[in-house]
Every structure is written in structure tokens, then in C-alpha cells.
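Chains, contacts and geometry: an overview
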Amino acid sequence: MLNRHHIEILMETVCRVFPVTSGAEVTIEANPDDIDPVKIKTFKEHGINRLSLGIQSFHDGELSFLKRRHTSGEAERAIILAKSHGFENIGIDLIFAIPGQTKNTWHMSLEKALSFEPAHISCYALTIEEGTPFNLLKSQKRIKPFSEKKEVSFYLHTSQYLRDRGYIHYEVSNFAKGPKYYSRHNRRYWQRKPYLGLGPSAHSFKEKDRWWNIKSIKGYMDSLARGIKPVEAKETLTEEQIRLESIMLGLRTEEGVDLGVIASIPRYQEILENLLLSGYVEIKDGRAVPTVKGYLMADGIAYLFS
Amino acid sequence: MKQIRNFSIIAHIDHGKSTLADRLIQYTHLVDERQFRNQILDTMDIERERGITIKSQTVNLPYNAKNGLYYELNLIDTPGHVDFSYEVSRALASCEGVLLLVDASQGVEAQTLANLYAAMEHNLTIIPVINKIDLPSADIERVKVEIDHELGLDADSALLCSAKEGIGIEDIFEAIVERIPPPSGDVDKPLTALIFDAQYDSFRGTIVSCRIFDGSVRQGDTIRLMSTGAQYKVEEVGIFRLKMEPKKELTAGMVGYIIAGIKTVSDTRIGDTITHEMNPAPKPLPGFKEVKPVVFSSIYPVSSDDYQSLAEALEKYKLNDAALVYQKDSSAALGQGFRCGFLGLLHLEIVQERLEREFDQSIIMTAPSVQYRFTLSDGSIVQVDNPIYYPDPAQIKKSEEPYIRASIMIPERYVGPVMKLCMERRGVNSRMNYPGPGRVELIFDMPLAEVIFDFYDRLKSITQGYGSFDYEIVDYRESDLVKLDILVNGEKVDALSMIVHRERARDRAVKACESLKEEIPRQQFKIAIQGAIGGKIIARSTINPYRKDVTAKCYGGDITRKRKLLEKQKKGKKRMKVVGSVEIPQSAFMAVLRTDTE
Ligand SMILES: Nc1nc2c(ncn2[C@@H]2O[C@H](COP(=O)(O)OP(=O)(O)OP(=O)(O)O)[C@@H](O)[C@H]2O)c(=O)[nH]1
Ligand SMILES: [Mg+2]
């Protein structure tokens, strides 16, 4: 985690080099164990106005399974601290589909999160990827991953529960208390608007180009020291790739995909019909918009359009 | 020419032909002991993997006989499996004699007899050889009786040998020289060379294997392929000595190869005659009998863009497998392809595998079918080997299907279960023989259609590998046939249709629906599979969609990777056939006929 000094330099440089609009969303991501009164004050002083907290769970057993350094008590204290310093735009990240998690423990985490009335909640399904320690445990049958059915049921339940409490399910894993609390930063990715990423392995995007920085910190610094842009590679997208990306990303958000993009290809019409019949998308204002069931199939649906 | 002998080794499968060829080759020191390997003439990977000969192979052996003379012996090792009998019959056309091998323990079997008849048709000298005399179970006296009674040959003329142990090899060489006549033919007559095999080489063009009957051919000659009229200048001639060995010329009586830069694949026809452009023969040699395919199946390219490439591959493949017949075919579901006829299921399997391995084709093969015969109300008779062309049922007066006589050899303890299997497969007229203690030969008449797919697999699993199975086609018999259609999401997939016996239809439909359920992966939408006869649904199964296919996170750094994954999956799509909106994998088209899905 950046210390107070780092944050100062970073924010001062950004404000010096780029024109920063007033009211711009300035988010910092932090884990509960990173937070203390001094840091919170530094954030505030330097114009950071949104805090995204990697809480993951309010259940100590689950936290230790996830190898997190904080306890549920520390998580609570971190939120309270931020609120007491006047952070009203707080996002809480939670994880579900943790082996061993029950409807009860998940519910408890959700309830607890809601009790702080956060502006934003992200609920991520745990993915057990190849080459991770979880995958090893899974192959040794020492943990039992969620079945598809169970994961789907947790997901649908979560969406319903949060929507009932006034949150908007605006992206596969993201909920906000109102449109003004949508993560402005992340939406740029999904809307394919330009973004600039700084730091090792950060991705940037502008018009038809996407490029990404050198992954290793050493390589990144060496390159900078030699005055060379630390870019590892760049791609220029073809029209077809642009269409594929807009479908793939559009299907992840409540904005969906412009029917014009779909209508351009006859084969897509048939797919659209099937999607409507299966209840994966709805038509709203000339756009095909995913339903909650559709969010769950966003990649599979994008595949149909590939 | 007097010092040339052309002969084939023929026998039932596994009686030791290729092993005997090994010993003959080693005797003449054609190959370094270090480079030798068993069944050296089985050069194809598939032959070595399966331990059987698929293609005839020629090798020229230099032999110094006891009479002090030097001979050149052309040996052709042939396959024993009935599906490759066309290889045998073509080999015989180049020979004056055969070694007819009989396994000393198995005795005379179906292909011993069939191959003997083929040799007699060509008026060849037959030398019976009893092989595997080293086996403890060898029963030379019994086999001699069989040679006498069943083959009608002089049992006293039979030679004894063990190809494995190298016993009796010299006697075989001497018998070849003494008993088999030298080729007749006239070097001074115009060239006639019979093409009995060929192989396409992308650098040198078609390499033609031939037997010279009259005349001679050498480098620089202009030759004409008589059936197509194509003319080429000879670049090289030679003989087979495990490798191709160039020679100055090939003369009457010899077996060898000709390379003449034949780049147009269709110019070469197996069975055609090669002659000289300047001094042509008045008429071509008789050539070969046409092949009569037994099972039929369609081949489609997985990606329809590859149709042309498949067409070229088939043309080249056919040069090297004259038993394959094919013509254009098309299906609403699979697009353009080819309807192929095969000599049996093993042949079909080999064609599929060789096209994939040697010609790099990704193909879909439809479930094999036999050839049915329908008499229509106007009295006309139609032969149908492709369910797509099943006639209008209202017009059918009589339906017939081919029957085989199956001979199944099994240890006694399996008689019950095997009988049951045969009855399930509509077997009739069963008989039993007891060829030896503990062994039973079951004979059944059965529709060919019932054995073409997985009968042999089932038999092997029931008898734990101890059952062997042989059949011959006997006749056509009247049968109550219907066409079973398969519908995927309500859409009929023509390439999955099959013609079946009415009583078996429901069972078949249920099994087909089950197999397809196994073969077709879950997709984004629910898939309904139905089996129907004339629009009436008689079986169904459902493939439920998967319900979750999304990654939880997709931020700035994930987009490129995700898109690339989609692009990769898109390529994979090409290996599937999309019917309606359902992706059907290659294997499904073959699997509809599979009857047990466990
Ligand atoms: N004991 C014994 N085994 C033999 C003898 N000759 C061949 N075999 C074995 O019989 C099996 C079949 O031999 P092959 O030479 O491949 O038989 P084939 O007739 O060429 O078979 P196909 O080409 O498939 O028809 C092998 O396992 C050989 O080792 C023999 O003289 N004695
Ligand atoms: Mg062999």
C-alpha cells in the first residue's frame, strides 16, 4: 500500500500534468488493514473522494480461507473510520461462491455490508483458476467448489436482494445506490471510452488502439530510466474486433448493445430471437439489454456473436 | 525373362504372410540386420499400430538358386482381411503363382478359400504352405486333410514352414523357382504395362506401380495412359527393393515403377494400360473387375471452405486405394460432400484415418449404411444406399436388405450371451459346429445392417476378446423398412437419418437420441432431440443449457485477453456443424448408430 508520502506525490503530479475536472471521481482501492486515521486524512486532503474497500466477507472463517490479513471486526472498523471522516462514496467488494460458504454466511455478509449503506457494492463469484493454490486443493478434492446450480442460485438471490433494497444491478458484478454512484472509471472500460493506465502492466485505450505496459516492475523502471515509453505491446483493432468488443462488453452492463450493431448481420437476428425467447435479453429503447439471467451468460452469449 | 518369378503370398488374416515375407527378404540380404524390423513390408503407421497389412507391397528379391542360376523374384505381400480383398485381386494380376499360406493350428479359414478361388481365376500356380509348424497346437495332419478336402489341392505338395523360426525357407525359394512358371510375354511387341497401384508424390507426380506384359520402357520414352489418352515423358523406371531402385529399363515380365511427372491426378487410373506413344499397343489389357462396395457413408469437410481441398485429397487418396468409390453428394445440414462406398467397416475406418493423417483433412463421416433395394408401385427397382434418397413410402411395394452369413468362433462358455446378441440383431437360421474341444462355431444369417456398426465391438466385449467373426454376403431378403429421421430443435437433420427395420425403429431412435445427448455439449439454449418416423415422434431427449458462463471481473486489463479468447473459440467453431443454432460436433454424425452408450 502506498504510504502518505507516495499519495501526496502521486496526486500532486496528476493534478499538475492533467487538467482535473472539478467533481471528478477520484477512487482509491484499499484493503481494510491498510486503513488508519492518518491515511484516511491524507486521502481526503488530496482530493480522493471515493474509497473502494476489499472487504470480501464479514465471516472470519471465509476471510481466513481467502488468506486475507484482516478480520471481520477490522473490516467494520475500516468502514466506520472512513465514514467518520466524511467519505460518503464508499464501495464494498464482497466475494461469494467460496467453498464452505452457506446461504446464511453469505446473507450475513450482505446484511452487514448494507448496514453501512454503501454507495456501491461489488459481488464477485470466486473463480478457481488454473495454476492457483485453490485449483490444487480442488484437484486434491480437499475443497468442494460450488456447483453451477448453487452458484447461479446465490447470484440470482444476491441480485434480487440488493435490488429490493434500492440498488441498481448495473453490471455483472456491480451494484450502485443510484446512477450517480456508478463507478465512472470502470464504465469507461465497458463503454469503450479512452483511458490511460499508468504503472507496470497497466492497459490504456484510445480510439482503435490498446496498449499495455511492461509487466515486471524492474523492466518498467528500467525503461522509464532510459526515457523510453514502458509499453510492452500495442494492438490496433479491426472493425470486426471493435464490433465483437462492443457486444462482449455491452452484454455485461445494463446498457446492453445497440440493435443497430446486431441488425447489421442476418445471422445475428436469429441469435437475438433465441436470446429473447430464453429470457437472456430484453429490448429497451432500441437496445438489447441483458436480464439478470443474461448477465450470468454474458460470455456464452458473446460467443454466439463471435 | 526365364529367370523372373512373380508371385503373391496370400492367406487368411494373421496366418503369417508378412512374417514369411520378412524371412524371404532376410534370406536375400536385402536389408541390413540392424535396419530390419518385423513385418518390414507393413510400412504404414496404421498397419504397424494395428498389426495388420492393409496394402499390398511389392519387393524384388535377388536369389541364387541351387541350380546355379540367378533369379529375380517379385514378391507381393497381400492383406488377409476381407475388406482389403481388392488389393489381393490386383496383386494376382501381376503374378504367375502364389504361396497359399495356411496356419498349422487354425487350418483353412474363410479367406484361405476366397483367396484361393481368386488365384485360380487368374490361372496361377498354387503352392500350399503350412505355416506356424512351431506352434504346440500345430496339427499338420489335420491341415493336410483340409487342404485336400476343402481346397481340393494336392496335400503332398504342401511345404512346411515356420516363418517365425525361419524353418523351411530354402525349400520355399526352390519351389518358387521350380514350380512357378516364368512370365510369358514378348519384349519385341508394343509396350503393355498394367497399372495395379499408384501413389501421389507432390514433387515427382504420380508414381505408378505396374507389371510389364509386353515390350519395354525406359527413361526418355513418351508413354500414353490408354484410358485417358494422357501422354508423358518417362523420367525414371525401376524396381522395388524396399526402396525404389532405378533401372535402365523395365522389360516384359517385370514388376516395377514408372515416374513420368504425372501431375494431373485424374490421368492415372488403376487398371489402365500404359503403352508407347510412338508404337502403341492395339488394345489395352483387360484391367480389373470393378469393386462392389458393401457399406456406404458420406464424407463432408468439417468446414465447408475445405470442400475443394477434400476433393483433391480424395482424388489422390484413391490412387493409393483403388477399392474406394465415391461420388458427389450434398446434404442440407452438411453442405457439399461425397458419398463413398467401402468394402467393409474396417475399410471405412482406414479411409477416414488415412484422410486425416496423410492428407490432413478434418472430415465428418455420416453413419454407415448398407444398400437397400426397393420395388416401387410402378414395378421399378431402386437401390438406395443413402437415407436421403429413401423413396416416398406410399410408392414402396417391397423393401429388401442384404443378408450375411456370419461365422462366429467362440469358446463354449460364451454361446448363450452371443446367441442372445445375434437374436437381438435379427439373426436367423442358427447352426453350431464344434471345430475343436471347447470351441464353438456359431453360424447365423443376419441383416448386414445389423453388423455394420458396433456388432464386432459388442461381440468382443461379450466374449472378453475371445470371439472372432467373419461373414460373407449371401443375398437380399424382404424386410419391413422405415426411415428414421432425427430432429434437432424441430429441424430435420438429413445427415442423421437412417433406414431401419420397423420393429427396431423405436429402440434405435431411443439410442440415437441418447447418443446425441452424450455427443452434443451443453449450449446456451435448450436443445431438443427427437427421433421420428414420417413426422411421428417416437423418441426424444433434451440437453439442458448451461446457466452460467461469465467471468466475474472484466476491467481495462481483461478486455484484450477476453476478446482473444472469443476469437480463438470462433476458430474452434469451424470444427462444428451448426444446424439451426445448435453446434453439432463431428463425432455425433457417426455416433447415432452406436447402440450402447455406456
Ligand atoms: N508361432 C508362430 N507365429 C507366427 C508365425 N508366422 C507368423 N506368426 C505370428 O502371427 C501373427 C501374424 O503374422 P503376420 O505376418 O502379421 O500375418 P499376416 O498374414 O501378414 O496378417 P495380415 O497381413 O493382417 O493378414 C504375428 O504375431 C506373427 O508373429 C510362425 O511361423 N509361428
Ligand atoms: Mg500382413
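Residues numbered from 1 in each chain as written. Chains lettered and ligands numbered in written order. Predicted model: local features only at pLDDT ≥ 70, side-chain atom pairs only at ≥ 80, totals over all residues. Heavy atoms only, no water.

1. Things to note about the interface of chain B and chain A
Selection rule: Here, two residues are considered to be in contact whenever any of their heavy atoms come within 4.5 Å of each other. By buried area we mean how much accessible surface two parts lose on assembly, using a 1.4 Å probe and totalling the loss over both. Note on definitions: salt bridges are taken to be side-chain nitrogens of Lys or Arg within 4 Å of carboxyl oxygens of Asp or Glu. Throughout this description, a polar contact denotes any pair of N or O atoms lying within 3.5 Å of each other; where both atoms belong to protein, one of them has to be capable of donating a hydrogen while the other can accept it, and for residues adjacent in sequence the pair is counted only when both atoms sit in side chains. What counts as a helix is a DSSP run of H or I of at least four residues, what counts as a strand is a run of E of at least two, and both are numbered from the N terminus. In this count, Pro and Cys sit with the nonpolar residues alongside Ala, Val, Leu, Ile, Met, Phe, Trp and Tyr, while Asp, Glu, Lys and Arg are called charged and the others, Gly among them, polar.
Facing 29 residues of chain B, the contacting portion of chain A comprises 42 residues. When the buried surface of chain B facing chain A is broken down by residue, Phe525, Arg547 and Tyr555 of chain B rank first, second and third, together holding 20% of it. For the pair chain B and chain A, the number of links is six salt bridges. Our count for the contact surface shared by chain B and chain A stands at 23 residue pairs in polar contact (both at pLDDT 80 or more). Ranked by residues supplied to the side of chain B that touches chain A, first place goes to helix α13 (residues 559-573) of chain B with ten residues. Within the side of chain B that touches chain A, the residues separate by chemical class into nine nonpolar, eight polar and twelve charged.

2. Concerning the domain arrangement of chain B
All names here are of chain B. Selection rule: Boundary definitions for the domains trace back to an automatic or database domain assignment.
Assigned domains of chain B: these are domain 1 (4-179), domain 2 (192-276), domain 3 (295-366), domain 4 (373-479) and domain 5 (482-597). One C-alpha centre belongs to domain 1, the other to domain 2; they are set 26 Å apart. Interface of domain 1 and domain 2: buried area, both sides summed, is about 1400 Å²; carbon and sulfur atoms make up 54% of it. Sorting the residues of domain 1 by area buried against domain 2 places Thr58, Arg90 and Ser94 first, and these three jointly supply 31% of that buried surface. Where Glu96 meets Arg211, a salt bridge forms, and the shortest distance between an N and an O atom there is 2.8 Å.

3. Considering the coordination of the magnesium ion (ligand 2)
Tetrahedral coordination by four donors sets the ideal angle at the metal to 109.5 degrees; octahedral coordination by six donors sets it to 90 or 180 degrees. All names here are of chain B. Applicable threshold: Distances up to 2.8 Å from the metal define which N, O and S atoms are donors, and 3.2 Å serves for Na, K and Ca; water is absent from the atom set, so sites may look incomplete. The cut-offs for exposure are 20% and 50% of the maximum accessible area for each residue type, with area from a 1.4 Å probe on protein chains only; residues under the lower value are buried, those over the upper are exposed, and the others partly exposed.
At the metal site, the magnesium ion (ligand 2) is ligated by Ser18 (OG) and Thr53 (OG1), and these contacts range over 1.9 to 2.0 Å. Of this pair, Ser18 sits in helix α1 (residues 17-27) while Thr53 sits in the loop between α2 (45-50) and β2 (57-64), placing them 35 residues apart in sequence. Ser18 gets classed as buried once you look at its relative accessible area, which sits at 9%.

4. Quick look at the environment of Tyr86 of chain B
All names here are of chain B. With respect to the helices, strands and loops of the structure, Tyr86 is situated in helix α3 (residues 85-92). Distance in space between the C-alpha atoms of Tyr86 and Leu343 is 8.5 Å, their sequence separation being 257 residues. Contact partners of Tyr86, with chain neighbours within four places excluded, come to Phe288, Lys289, Val291, Ala322, Ala323 and Leu343. A polar side-chain atom of Tyr86 sits 2.9 Å from the main-chain carbonyl oxygen of Lys289.

5. Side note on a nonpolar patch on the surface
In plain terms, the rule: Patch criteria: residues need more than 30% relative accessible area and no salt bridge. Like-charged residues are merged within 9 Å; nonpolar side chains of Val, Leu, Ile, Met, Phe, Trp and Tyr are merged within 5 Å. All accessibility values rest on the Shrake-Rupley procedure with a 1.4 Å probe; residue burial counts only the protein chains present in the view.
On the surface, a cluster of nonpolar side chains totalling about 470 Å² of accessible area is made up of Val17, Phe18, Val20, Leu196 and Leu198 of chain A. Mapped onto the elements, Leu198 of chain A comes out in the loop between α8 (184-191) and β7 (203-206).

6. As for the site of ligand 1
All names here are of chain B. Test applied: Here, proximity means that at least one heavy atom of the residue falls within 4 Å of the molecule or strand.
Around ligand 1, the surrounding shell holds 18 residues, and the nearest of these are Lys17, Ser18, Thr19, Thr53 and Asp134. Between Ser18 and ligand 1, the recorded distance is 2.8 Å, taken from a backbone N or O atom to an oxygen atom. Between an oxygen atom of ligand 1 and a side-chain N or O atom of Ser162, the distance comes to 3.3 Å. Across the complex, the protein chains shield 85% of the 650 Å² of accessible surface that ligand 1 would expose by itself. For the shell around ligand 1, the element with the highest residue contribution is α1, accounting for three residues. The class makeup of the residues in the shell around ligand 1 is four nonpolar, nine polar and five charged.

7. Quick word on the domain arrangement of chain A
Here chain A is partitioned into domain 1 (4-182), domain 2 (191-236) and domain 3 (239-304). Relative to domain 2 of chain A, the C-alpha centre of domain 1 of chain A lies at a distance of 26 Å.

8. Examining the environment of Ala512 of chain B
Residues and elements named next belong to chain B. Its location among the elements puts Ala512 in helix α12 (residues 502-519). For Ala512 and Leu593, which are 81 residues apart along the polypeptide, the C-alpha to C-alpha distance reads 6.5 Å. If we skip the residues at most four places from it in the chain, Ala512 touches Ile486, Met498 and Val592.

9. What about the pattern of salt bridges?
Residues and elements named next belong to chain B. By the definition in use, this model includes 58 salt bridges over all chains. One salt bridge connects Glu400 with Lys398, and the closest N-O pair in it is separated by 3.9 Å. On the basis of relative accessibility, which here comes to 11%, the residue Glu400 falls in the buried class. With a relative accessible area of 31%, Lys398 lands in the partly exposed category.

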